Amino acid sequence: MSVFLLFQTDNWKSRASRVFFGAFDSRTKELDYAKYNDLYWYNSEVVVVEVILNQFQEI
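Source: prediction; values computed, not measured. (Residues numbered from 1 in each chain as written. Predicted model: local features only at pLDDT ≥ 70, side-chain atom pairs only at ≥ 80, totals over all residues. Heavy atoms only, no water.)

**Things to note about the sheet that holds strand β1 (residues 2-10)**
Put simply, the rule reads: Two strands qualify as a pair provided that DSSP identifies no fewer than 2 bridges between them. Put simply, DSSP H or I for four residues or longer makes a helix, DSSP E for two residues or longer makes a strand, and each gets a number counted from the N terminus. Note on geometry: axes are lines fitted to C-alpha atoms, helical ones only across the stretch in contact, with angles between N-to-C directions running from 0 to 180 degrees.
Read from one edge of the open sheet, three strands run β2-β1-β3, paired in antiparallel fashion. With one partner strand each, in any of the chains shown, β2 (19-24) and β3 (44-52) form the two edges of the open sheet. Each strand axis lies, on average, 20 degrees off the axis of its neighbour in the sheet, ignoring direction. Of the strand pairs in this sheet, β1 and β3 are connected by nine bridges, and their pairing is antiparallel. Looking across to β3, one finds that L5 is bridged to V49.

Written as structure tokens, this is what we have:
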């Protein structure tokens, strides 16, 4: 199962400037939320991080 995390950052996409906006179960819901809340601006970027849950591996 995958979870998509939505962040808004500056143009350089630095980790220090990330602002968390939510966790979604599909990429389409996340993109609709970003468009509805006007997260796309001329001086900001939207970053989506996909996290896979319930996946264990032996090191």
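**Remarks on unusual backbone geometry**
At K13, a position not held by glycine, the phi torsion is positive, near 55 degrees. Relative to the helices and strands, K13 is located in the loop between β1 and β2. Phi at D38 takes a positive value of approximately 55 degrees, unusual for a residue other than glycine. One can find D38 in the loop between α1 (27-36) and β3.

Don't take any of this as a statement about function, it's just geometry.
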